[in-house]
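Analysis of the macromolecular model
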Amino acid sequence: MPLKAYDLTGRTAFVTGAASGIGRASAVLLAEAGATVHCADRDAQGLHETATLIKGQGGTAHTHQLDVTDRERLRQAVRSCERLDVMAAVAGIMHSSTVLETRDEDLDRVLNINFKGVLYACQEAALAMIESGTRGSIVTMASGAVDTGGPGLLCYGAAKAAVVQLTKTLATEIGPHGIRVNAVAPGWIRTPMTDRRDGKAQAHTEAFMARLAPLGRVGEPEDIAQAVLHLACDASAFTTGQILRPNGGVAMPW
Ligand code: NAI
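First, a word on what this report is: a plain description of the structure on this page. Keep in mind it's a predicted model, so treat the numbers as computed, not measured.

Turning our attention to the nonpolar core. A general tendency of soluble globular proteins is for nonpolar side chains to be buried together. Residues Phe-14, Leu-84, Met-87, Ile-138 and Ile-174 are the most contacted members of the largest nonpolar core, which totals 39 residues. Listing elements by their share of this core, those giving two or more residues are helix H3 (71-79), strand E4 (86-89), helix H4 (104-132), helix H6 (154-174) and strand E6 (180-184). If you tally residues by element for this core, the top one is H4, at 11 residues. The contacts of Phe-14, once residues within four sequence positions are left out, are His-38, Ala-40, His-64, Leu-74, Ala-77, Val-78, Cys-81, Leu-84, Val-86, Met-87 and Ala-88. Judged by nonpolar contacts, the second largest core, of 35 residues, contains Leu-8, Val-37, Leu-47 and Ala-225.

Along the chain, Ser-143 turns up in the loop between strand E5 (137-141) and helix H5 (145-148). Within the structure, Ser-143 has its side chain in polar contact with the backbone nitrogen of Ala-145 (distance 2.9 Å). Apart from the residues within four sequence positions on either side, Ser-143 is in contact with Tyr-156, Lys-160, Val-184, Ala-185 and Pro-186.

Moving on, we get to the side chain of Ser-26. Checked against the element boundaries, Ser-26 lands in helix H1 (residues 21-32). When residues no more than four places from it in sequence are discounted, the contact partners of Ser-26 are Ala-225 and Val-228.

The rules behind each value
Residues numbered from 1 in each chain as written. Predicted model: local features only at pLDDT ≥ 70, side-chain atom pairs only at ≥ 80, totals over all residues. Heavy atoms only, no water. Core = buried A, V, L, I, M, F, W, Y, C linked by side-chain atoms within 4.5 Å. Buried < 20%, exposed > 50% of the residue type's maximum accessible area, 1.4 Å probe, protein only. Helix = DSSP H or I, 4+ residues; strand = E, 2+ residues; numbered from the N terminus. Contact = heavy atoms within 4.5 Å. Polar contact = N/O pair within 3.5 Å; in protein donor to acceptor, adjacent residues only side chain to side chain.

Rendered as structure tokens:
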């Protein structure tokens, strides 16, 4: 039985990007805390695997195959929830190109998914919560990149900086409804997103990132899921408009 402040029994959470990495770990942990979890992603197979994990531990999961840039589809999925207490807008992509190499289509693609996709999820969740009078929690996924910048991070970092601005702005606007909005800005986390290179290059990067962290390791998806759970539940009832940085203590990686 979870601690009362972490107990989400009877509540419903919606998680985007739930087919993989941080989104999957968050969906599984929110379900473990007692929430009914609606898992959304464009990857049908990954969604099925996440739902199977949740059901395997006795939880309740629903899946929605969708692209977060499709506002209408996202609205339908959110509206299909019997109630909505938690929105975790996690879906995102990595993109790397220098400022001088960046093309319009790169910027548009990254801003569409990493910013507009989060904006739509926040808007739909906020509207549903306000309508039903639910004092819910919205959690967005930013990145340590907003603090540091870094080579190749123009598009990705700009989208994540916009997510931070969205989080703070929305928190001020819907706080009077009792709805909280916070962001998680993870450091380097071992997920399929950061694991797409060959083994040697990957091991080299991980060792480098681990050396930068006072805690001496890179993060795991479960480390970030714990931050999402904290912001989703009553343990953080007086926290809004904040950026939580689970990053092993890294202050400035470049
Ligand atoms: P991942 O690649 O393992 O998972 C991302 C998920 O988002 C995938 O299931 C993918 O299918 C889904 N997705 C991507 N575009 C989508 C779209 N248009 N519509 C619906 N679903 C879509 O990546 P990871 O690492 O779990 O990343 C999750 C979030 O955490 C992202 O927003 C990422 O920017 C952020 N993040 C990750 C860090 C890391 O080191 N892994 C560090 C900081 C932030």
